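# Structure assessment
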Amino acid sequence: MKIFVSRDAVKYRFQTMGHSLSEGPGNLRELLAIALPMVVSQACETVMMFTDRLFLSRLGGVHMNAAMAGGLTCFLFMTFFIGTTGYTNALVAQYFGAGRREKCALVVTQGGIIALGAAVLLTLTLPLGHLYFAYSHIPPEQMPLQNAYFNIVMMGVGIALLRNVLSCFFSGIGKTAVVMQASLLSMLVNVGANYLLIFGKCGFPALGVRGAAYGTLIGGASGLVVIVVAYLGRENRRAYGVFEALRFDKTIMSLLLRLGYPAGLELFLNLLAFTSIVMAFHSYGLAAGAAATIAFNWDMVSFIPLVGMNIAVTSLVGRYMGAGEPPVAHRVTMTGLRLAFCYSGALLLVFACFPGDLVRMFRPQEASLAFESMLPTATFMVRLISFYVLADAVGCIFSRALRGAGDTFWAMCLSVGTHWALALSVLAMIRIFHASPEASWSVLVLMVFLIGGAFYLRYRGGAWRSLRIVSWEGE
């Protein structure tokens, strides 16, 4: 499906973020203007998840493992809808780049409709989550805590989905500072609520895992309030016709679903693969499960800030493809890759040089033989993360560039294929060959290199350059 616009819209391609033609579109300054607030925003999300598990580790490894597995499963259930509505970012960016601002708010409305419908549907899936846990071979003492965390966070999926849609709007038009402000408040509220509710401070009851789940919901709701206020602000209403766009639009809904579902399906299948890996490591027992949880926490620290750079690349690639400038979109991608390499290179040094110190941050309040027994395994796992952070950066940047250009189907196929090759390799090591946790983790790290290589080859093929979602009049 093509949406025709006037050739006069070409003027927008050199007006992005207020830069003149002489400075060159797609430069580092332009990318950083969008990326830095999004990196801060994603770092806030990382801090929220990291502190959840760090606080719970003081109560014992079983609490930390339960929160990680329960939270991942909740996110797994949301992923199809998060990925589908997440294409709001690229679609808003393409309309913005083509000078069709009145369409941007219509995209948001369609994304909101999907989000609200998904929230109702997902509240009915609690029994499926419990069934999934029952077949995951997790330790029996972890099961009730995991069910409790999962039940609570599933009640707030509507908050997360709506916040995702509105965040995509602001990243699509380049106003990522709004998203950053919402994430900062959400982080502060979440960390404070967790401290009060997990440990029972300032007169609050000590709720443990349930307190962490409630803190997550409270923090997410506070961030949603900030971003809704910004979206409904007077300036934004006038510029994008927000109230006039509060209606169903068949054409845009069809476009959003057609281009967004591959990203949603990809995210769901990939996270299913990742969650299966986490559950498989937990099946080794509490000690190995705690070691894997700590390693995955540090892996999250290395990965999630990259998501901020990815969002910026998707937004700018979509904007310049909408303005008919594939060479500038390529320049954005290469600039994003260099930026990601700088970040990942610094992390490589940290993980390689200080793995033991990073693991000891999760030491329980009381002396624990279980922690001491798993310390060598966790240290080994964290050190190996340093080997694939650069490959992870390659896969992230090239995959987001492909999505921004509209090459979502092949991006989905490549991502799902490589992630499931990784998952099946690890599952075979654990369930068939009964390998040690260290050997299984080594295979996981090795397989990550396939993902970055696959996306690089697809991008290098150049098919994305000829894609058009927003086309010129008369073509």
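Conventions used here
Residues numbered from 1 in each chain as written. Predicted model: local features only at pLDDT ≥ 70, side-chain atom pairs only at ≥ 80, totals over all residues. Heavy atoms only, no water. Helix = DSSP H or I, 4+ residues; strand = E, 2+ residues; numbered from the N terminus. Expected span 1.5 Å × (residues − 1). Buried < 20%, exposed > 50% of the residue type's maximum accessible area, 1.4 Å probe, protein only. Phe/Tyr/Trp six-rings, centres within 6.5 Å; stacked < 30°, edge-to-face > 60°. pLDDT = per-residue confidence, 0-100. Contact = heavy atoms within 4.5 Å. Salt bridge = Lys/Arg side-chain N within 4 Å of Asp/Glu carboxyl O. Axes fitted to C-alpha atoms, helices over the stretch in contact; angles between N-to-C directions. Parallel < 35°, antiparallel > 145°, perpendicular 65-115°, else oblique. Nonpolar A, V, L, I, M, F, W, Y, C, P; charged D, E, K, R; others polar. Patch = residues over 30% accessible without salt bridge, like charges linked within 9 Å, V, L, I, M, F, W, Y side chains within 5 Å. Areas by Shrake-Rupley, 256 points an atom, 1.4 Å probe, with all protein chains shown as cover. Core = buried A, V, L, I, M, F, W, Y, C linked by side-chain atoms within 4.5 Å.

Turning our attention to helix H13 (residues 326–353). Between the first and last C-alpha of H13 there are 41 Å, a value that for 28 residues agrees with the 40 Å anticipated at 1.5 Å per step. Taken residue by residue, H13 has Pro-326, Val-328, Ala-329, Val-332, Thr-333, Thr-335, Gly-336, Leu-337, Ala-340, Ser-344, Leu-347 and Phe-351 as its buried positions.

Now for the packing of aromatic side chains. Per the counting criterion, the structure on display carries 23 aromatic pairs. With 5.0 Å between their ring centres and 80° between their planes, Phe-274 and Phe-296 make a pair best called edge-to-face. Of the two residues, Phe-274 is situated in helix H11 (residues 250–282) and Phe-296 in helix H12 (residues 286–322); the sequence distance between them amounts to 22 residues. Phe-296 gets classed as buried once you look at its relative accessible area, which sits at 4%.

Glancing now at the confidence of the model for the chain. For the chain, the average pLDDT comes to 87, and 93% of its residues sit at 70 or higher. Here strand E1 (residues 3–5) stands out as the least confident element of the chain, with mean pLDDT 37; helix H9 (residues 209–231) is the most confident, with 96. Contacts from residues 1–22, a stretch scored under 50 in pLDDT, to residues over four places away or in other chains number 56 contacts. Confidence drops under pLDDT 50 across residues 471–475; counting only partners more than four residues distant or on other chains, this segment forms 17 contacts.

One pass over the full model with this rule turns up 6 salt bridges. Across the salt bridge formed by Arg-403 and Glu-266, the nearest N and O atoms sit 2.0 Å from each other. Here Glu-266 lies in helix H11 and Arg-403 lies in helix H16 (residues 389–405), a separation of 137 residues in the sequence. Of the residues examined, Arg-403 reaches a relative accessible area of 7% and is grouped as buried.

A few words now on the packing of H11 against helix H17 (residues 408–432). Two elements in contact, H11 and H17, have axes separated by 9 Å at closest approach and are oriented at 10°. Taken together, the axes of H11 and H17 are roughly parallel relative to one another. The residue inventory of the contact of H11 with H17, partitioned by class, reads 20 nonpolar, 5 polar and 2 charged.

With that settled, the discussion passes to a nonpolar patch on the surface. The grouping of Leu-128, Leu-131 and Tyr-135 at the surface amounts to a nonpolar patch, some 370 Å² of accessible area in total. Mapped onto the elements of the fold, Tyr-135 is located in the loop between helix H5 (126–134) and helix H6 (143–154). Residue class for Tyr-135 comes out exposed when judged on its relative accessible area of 65%.

Attention shifts here to the nonpolar core. Phe-169, Phe-281, Phe-296, Trp-298, Trp-441 and Leu-444 are the most contacted members of the largest nonpolar core, which totals 140 residues. When sequence neighbours within four positions are dropped, the list of residues in contact with Leu-444 reads Ile-277, Phe-281, Phe-296, Leu-422 and Val-426.

As a further point, take unusual backbone geometry. Look at Cys-202: it is not a glycine, yet its phi comes out positive at around 55°. Of the residues examined, Cys-202 reaches a relative accessible area of 71% and is grouped as exposed. Of note in the backbone geometry, His-434 takes a positive phi value of approximately 50° without being a glycine. Position of His-434 relative to the elements: it lies in the loop between H17 and helix H18 (437–461).

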